[in-house]
Amino acid sequence: MWHTLTTDDGLASNAVGSIAINPTTGDRWFGTIAAGVSRLDLAGQWRTFTTDDGIASNHIAAITIDPAKGDRWFGSADGAGVSRLDTAGLWHTFTTADGLANNYVHEIAIDSATGDRWFGSDGYSDQGPGLSRLDKAGQWRSFNTDDGLADNNIMAIAVDPATGDRWFGAWGGVSRLDSAGQWHTFTMADGLASRFPSAIAIDPNTGDRWFGSWQEQREDGSDVGLSRLDAAGLWRTFTTADGLADNRVTVITIDPKTGDRWFATWGRGVSRLDAAGRWRSFTTDDGLSINDVRAIAVDPTTGDRWFGGVGGVSRLNGAGEWRTYTTADGLASNWVYDISVDPATGDRWFGTEGGVSRFAPLPSVAPTDTSHTPTATPPPTATATPHPPRPV
């Protein structure tokens, strides 16, 4: 069941680039490209926050919710700093004047074990290095290449919940800050496939670290591909020769239940590496809405896999059947920026160019008691399926 919400309903802008769901309160947060951030609470009440309310910028680049404290963090895409909305409803903006390394904040990660907040920025502006840490005591610390960071331009941040290691994808390589405070940078000389690791994912089942890049080829013309650093410290690169759809990997998502690794590629569809080590790629020929996939989400309850891009959104269910949804079905726009699944309600949320859409599970219907009702053979009826599922 589809339901689309736009500015007519209370959304700040129809261009929604980021979504976050508060696991404690159930509030849904929608970051817009130029009109601030909107909140939809469980009572269905809307509230929009802009610079007039205290947020640093109306151009939201990232949203992260602190699972322990409940603070909401918003990174700005136009150099205004990072803003925090605490549980008391008070806004606080941090900039370089407070200790933030750079006011362009497009990556935010929270270490649940230590309470540290990490902020990644474009270090090639004139504001300084691009990585900052705000610890639980409220102390700021910036890191740059002098500390051991591969480069000051941060493209991705990931925290390993098992080891406490912090991983930073930067121009030039990937850097690890371990729980003892020791830095180690990995480059192509160590086994990393690309100088530009723009996507990082950590497998909760195996401990493997995965690194994808938008770079197509190295300077010598050889293929780049996808890199894995396993728990034993061994590197392995996967390319199209192994089964990857394309060597440019833009999104990595891991299914914690099945162990499947999903990789969105640049215009060649998505690839799956299952727990048994078997590769399978999917394109529009299989049922995918478009080969240029920008977002992937796994439903923790149903196991459905959702893929969004500039062509609608596609679902691959547990039976291996594909179904694509577009504006004809109720999707706000066929340009999908972000996908988020609410673990409490099962609602699937899609941030698009034309508003935000919710796809809610159909309500269960109690079976009718027919024990005292005479049965009769019903007449034949014709059925039609607008989008027939495609088996994998």
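None of the values given here were measured: they were computed from a predicted structure. Numbering of residues starts from 1 in each chain and follows the order in which that chain's sequence is written. Restriction of local features to residues with pLDDT of at least 70 applies here, the model being predicted, together with a cutoff of 80 or more for giving and counting side-chain atom pairs; totals for whole chains, interfaces and linings are based on all residues. As a rule here, side-chain values come from all non-hydrogen atoms in the structure, and water together with hydrogens is ignored.

**Overview of the pattern of salt bridges**
Cut-off, in case you're wondering: A pairing counts as a salt bridge when a side-chain nitrogen of Lys or Arg comes within 4 Å of a carboxyl oxygen of Asp or Glu. Buried residues are those whose accessible area, probed at 1.4 Å on protein chains only, stays under 20% of the maximum for their type, while exposed residues exceed 50% and partly exposed ones sit between those limits.
If you walk through the whole model with that rule in mind, you get 13 salt bridges. Two residues, Asp246 and Arg248, come together in a salt bridge whose shortest N-O distance is 3.0 Å. The buried category is assigned to Asp246, whose relative accessible area is 6%. The exposure class of Arg248 is buried, given its relative accessible area of 15%. Residues joined in a network through salt bridges with shared partners are Asp246, Arg248 and Arg268.

**Here's the deal with the environment of Ala360**
Our working definition: Think of it this way: any DSSP run of H or I at least four residues long counts as a helix, any run of E at least two long counts as a strand, and we number them from the N terminus. Contact between two residues is taken to exist if any of their heavy atoms lie within 4.5 Å; hydrogens are not considered.
The residue Ala360 is located in the loop between β32 (355-359) and β33 (390-391) in this model. Classification of Ala360 by relative accessible area gives buried; the value is 12%. Along the backbone, Ala360 and Trp349 are 11 residues apart, and their C-alpha atoms lie at a distance of 8.7 Å. Setting aside residues up to four positions removed in sequence, Ala360 forms contacts with Met1, Asp347 and Arg348.

**Quick look at the sheet that holds strand β23 (residues 261-265)**
Strand-to-strand pairing in sheets goes through backbone hydrogen bonds, with the strands running parallel or antiparallel. Rules: For two strands to count as paired, DSSP must find a minimum of two bridges between them. Inter-axis angles, ranging from 0 to 180 degrees, are taken between N-to-C directions of lines fitted to C-alpha atoms, where helices are fitted over the stretch in contact.
Taken together, the four strands give an open sheet; going across it, the order is β22-β23-β24-β25, and neighbouring strands pair in antiparallel fashion. Only two strands of the sheet have a single neighbouring strand rather than two, namely β22 (249-254) and β25 (279-282). Recorded for the sheet is a direction-independent mean angle of 20° between the axes of neighbouring strands.

**What to know about the environment of Ala231**
Along the chain, Ala231 falls in the loop between β20 (226-229) and β21 (235-238). Excluding its chain neighbours within four sequence positions, the residues that come into contact with Ala231 are Thr206, Asp208 and Arg209.

**Structural notes on the sheet that holds strand β10 (residues 105-110)**
Strand order in the open sheet formed by four strands is β10-β11-β12-β13, with antiparallel pairing between adjacent strands. Both outer strands of the open sheet, β10 and β13 (140-143), are each paired with one neighbouring strand and no more. Along the sheet, successive strands turn relative to each other by an average axial angle of 20°, direction set aside. As paired elements, strand β12 (residues 131-134) and β13 share four bridges and run antiparallel to each other. Bridged to Leu134 within β13 is Trp140.

**Thoughts on the pairing of strand β30 (residues 336-341)**
Counted residue by residue, β30 has five buried out of six residues, so it is predominantly covered. Here β30 runs beside strand β31 (residues 348-352); their pairing, made up of five bridges, is antiparallel. The residue bridging Ile339 from the neighbouring strand is Phe350, located in β31.

**Observations concerning the confidence of the model for the chain**
Where we set the bar: Predictor confidence is given residue by residue as pLDDT, running from a minimum of 0 to a maximum of 100.
Overall, the prediction assigns the chain a mean pLDDT of 89, with 89% of residues at 70 or greater. Residue range residues 364-392 is modelled with pLDDT below 50. Its contacts to residues more than four positions away, or to other chains, number 19 contacts.

**What about the pairing of strand β2 (residues 16-21)?**
Of all six residues in β2, five are buried; the element is thus mostly enclosed. For β2 and strand β3 (residues 28-32), the ladder comprises five bridges, and the chain directions are antiparallel. From the neighbouring strand, Ile21 faces β3, where its bridge partner is Arg28. Linkage of β2 to β3, two consecutive antiparallel strands, is achieved through a turn of six residues, within which Gly26 is found at a positive phi near 85°.

**Considerations on the packing of aromatic side chains**
To keep it simple, the criterion reads: Pairing of aromatic rings covers Phe, Tyr and Trp, the last counted by its six-membered ring, and requires centre-to-centre distances within 6.5 Å; plane angles under 30 degrees mean stacked, over 60 mean edge-to-face, and any other angle means tilted.
This model, assessed by the stated rule, comprises 36 aromatic pairs. Where Phe30 meets Trp46, the ring centres are 5.8 Å apart and the plane angle is 40°; that geometry is what we call tilted. Of this pair, Phe30 sits in strand β3 while Trp46 sits in strand β5 (residues 46-49), and the two are 16 residues apart along the sequence. Given the relative accessible area of 0%, Phe30 is considered buried. Pairwise contacts between aromatic rings join Trp2, Trp306, Tyr325, Phe350 and Phe359 into one cluster.

**Focus on the environment of Arg166**
One can find Arg166 in strand β15 (residues 166-170). Note: C-alpha distance between Arg166 and Asp111 (55 residues apart in sequence) is 8.4 Å. Residues contacting Arg166, with those up to four places away along its chain left out, are Asp111, Asp116, Trp118, Ala158, Val159, Ser175, Arg176, Leu177, Asp178 and Ser179.

**Re a nonpolar patch on the surface**
Counted only if it meets this: Each patch groups residues whose relative accessible area exceeds 30% and which form no salt bridge, using 9 Å between like charges and 5 Å between nonpolar side chains of Val, Leu, Ile, Met, Phe, Trp and Tyr. Where accessible areas are quoted, they stem from the Shrake-Rupley method and a 1.4 Å probe; at the residue level, only the protein chains shown are allowed to cover.
A surface patch of nonpolar side chains, amounting to about 310 Å² of accessible area, comprises Trp171, Trp214 and Trp266. Summarising the element assignment, Trp214 is placed in the loop between β19 (209-213) and β20.

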